[in-house]
Structure formats: structure tokens, C-alpha cells
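Reading the structure
Each chain, written out:
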Amino acid sequence: CGSARCTDDGKFAHSRIWGHSPRASATLVSLSGGGENESSPGTLDSAIADDYTEFNADYPVRIDGKALSDRLYEAQTRGGGKPLASDMLNAKVQVYGDTAILTYNFVGVNQDKDGKTEASTAKSTRVYAKMGGQWTRVPANFAPVSGPN
């Protein structure tokens, strides 16, 4: 599932679940400027633009729109898998006025419905635009990391 709520490599786990990681929370605070009137770390990533777009490992085409992303996520959650751990490594935020670019390496462990665990990794980019005083995710790109052959 490469949807807005799945791991960055397309396996169910992470995208809207930022609170699991101290580094992720710090990154979101830095995006919001840390001010009391800005979005908090718990709510910043819940703001996804209606015209959100995403590239991920699960689909050979761009996912267009929050509505489609939400439908794909809902379908994936019925599969019974769950995230056990996830984190954002090497996070870097670049702010240019009302636009912010977040790049990081995603690492996580997922458990399938039969209890089997699997590591997941990705190279991730998210772009935020400040709209109405709130940081809103507009596009994202979650690229899988291939191991050595």
C-alpha cells in the first residue's frame, strides 16, 4: 500500500503515524516553527490537500487526490497487517517561504496477519504548503530501497 497512511515503501505502517518517532515529532515542530499558533506535531501530518499526489512502490502510476489515497488505505487496512515500529532517519527540512520539503530515510518493522515480521525501508520526500496558517502535505514520493544483489 503506498497510500498516505502506509509505510514509505508501500507496506502498511507509517505515513500518518508520526507520533511514534521523537525525530519525526521534532521535524514536524521545526516545520511548524514551534509556535503555539501553528499546527502541532500530532495534527500537522493529518492535513493532506484534497489534490494530494503520491508516487509509491505499489502502483505504476501517480495516485491523484486525497479521496483515492483514503480509499486505497481503507482497503489495505482490511488485510490484517500492522506496524510494529517505525522511524524517520536523517530527516532534513528545507523551508522556502510557504513551502517546505521534508526528506528522510524511513525504517520500520511490519507484522502480517500471520504474525510474520518484515523490515521496511524507503527514501522519502514530502512537500508541504502553508495554507490558511496550516502546513498541508501536497505531494509525496516514497521510493523503496533495494538491498545489495
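This structure is a prediction, so every number in the text was calculated from the model and none was measured.

Quick notes on the overall build of the protein chain
- When its secondary structure is counted, the protein chain shows three helices and six strands.
- For the protein chain, buried positions account for 38% of its 149 residues.
- Summarising the internal contacts of the protein chain: among those between residues at least 6 apart in sequence, 53% fall at separations of at least 24.
- Split by element, the accessible area of the protein chain, about 7,700 Å² in all, is 51% carbon and sulfur.

Notes on helix H3 (residues 66–77)
- Here H3 is 12 residues long and its end C-alpha atoms lie 16 Å apart, about the 16 Å a rise of 1.5 Å per residue gives.
- Those residues of H3 hidden inside the fold are in contact with strand S1 (48–55) and strand S2 (63–64).

Quick look at unusual backbone geometry
- Even without glycine at this site, Asn 90 takes up a positive phi of about 55 degrees.
- Mapped onto the elements of the fold, Asn 90 is located in strand S3 (residues 82–96).

Let's talk about the nonpolar core
- Within the largest apolar cluster, 12 residues are counted, these being Ile 48, Tyr 52, Met 88, Ala 100, Leu 102, Tyr 104, Phe 106, Ala 122, Tyr 128, Trp 135, Ala 140 and Phe 142.
- Mapped by element, the contributors of at least two residues to this core are S1, strand S4 (99–111), strand S5 (117–131) and strand S6 (134–144).

A closer look at the confidence of the model for the protein chain
- Counting all residues, the mean pLDDT for the protein chain is 75, and 67% of those residues have values of 70 or more.
- By mean pLDDT, helix H2 (residues 41–44) is the weakest element of the protein chain at 40, and S2 is the strongest at 96.
- Low pLDDT (under 50) marks residues 32–44, which in the prediction has 15 contacts with non-local residues, meaning those over four places away or in another chain.

Here's the deal with the environment of Arg 126
- Assignment of secondary structure puts Arg 126 in strand S5.
- For Arg 126, a relative accessible area of 0% corresponds to the buried category.
- Along the primary structure Arg 126 and Val 93 are separated by 33 residues, whereas in three dimensions their C-alpha atoms are 9.6 Å apart.

Notes on the side chain of Thr 136
- Mapped onto the elements, Thr 136 comes out in strand S6.
- With sequence-adjacent residues up to four places away left out, Thr 136 is seen in contact with Ala 47, Ile 48, Ala 49, Val 127, Tyr 128, Ala 129 and Met 131.

Quick word on the pairing of S1
- Bridge count between S1 and S6: four bridges; the pairing is parallel. Among the inter-strand pairings, Ile 48 is bridged to a residue of S6, identified as Arg 137.
- Here two bridges tie S1 to S2, and the two strands are oriented antiparallel to one another. Bridging across to S2, Thr 53 finds its partner in Asp 64.

Observations regarding the pairing of S5
- Where S4 and S5 come together, 13 bridges link them in antiparallel fashion. Directly across from Val 107, in S5, lies its bridge partner Thr 121.
- Between S4 and S5, which pair antiparallel in sequence order, lie five residues; one of them, Gly 115, sits at a positive phi of approximately 95 degrees.
- Bridge count for S5 against S6 is nine bridges, and the pairing is antiparallel. Within S6, the position partnered with Met 131 by the bridge is Gln 134.
- Counting the residues that bridge the hairpin from S5 to S6 gives two residues, and of these Gly 132 lies at a positive phi of roughly 60 degrees.

Calculation notes
Residues numbered from 1 in each chain as written. Predicted model: local features only at pLDDT ≥ 70, side-chain atom pairs only at ≥ 80, totals over all residues. Heavy atoms only, no water. Helix = DSSP H or I, 4+ residues; strand = E, 2+ residues; numbered from the N terminus. Buried < 20%, exposed > 50% of the residue type's maximum accessible area, 1.4 Å probe, protein only. Contact = heavy atoms within 4.5 Å. Areas by Shrake-Rupley, 256 points an atom, 1.4 Å probe, with all protein chains shown as cover. Expected span 1.5 Å × (residues − 1). Core = buried A, V, L, I, M, F, W, Y, C linked by side-chain atoms within 4.5 Å. pLDDT = per-residue confidence, 0-100. Pairing = 2+ DSSP bridges.

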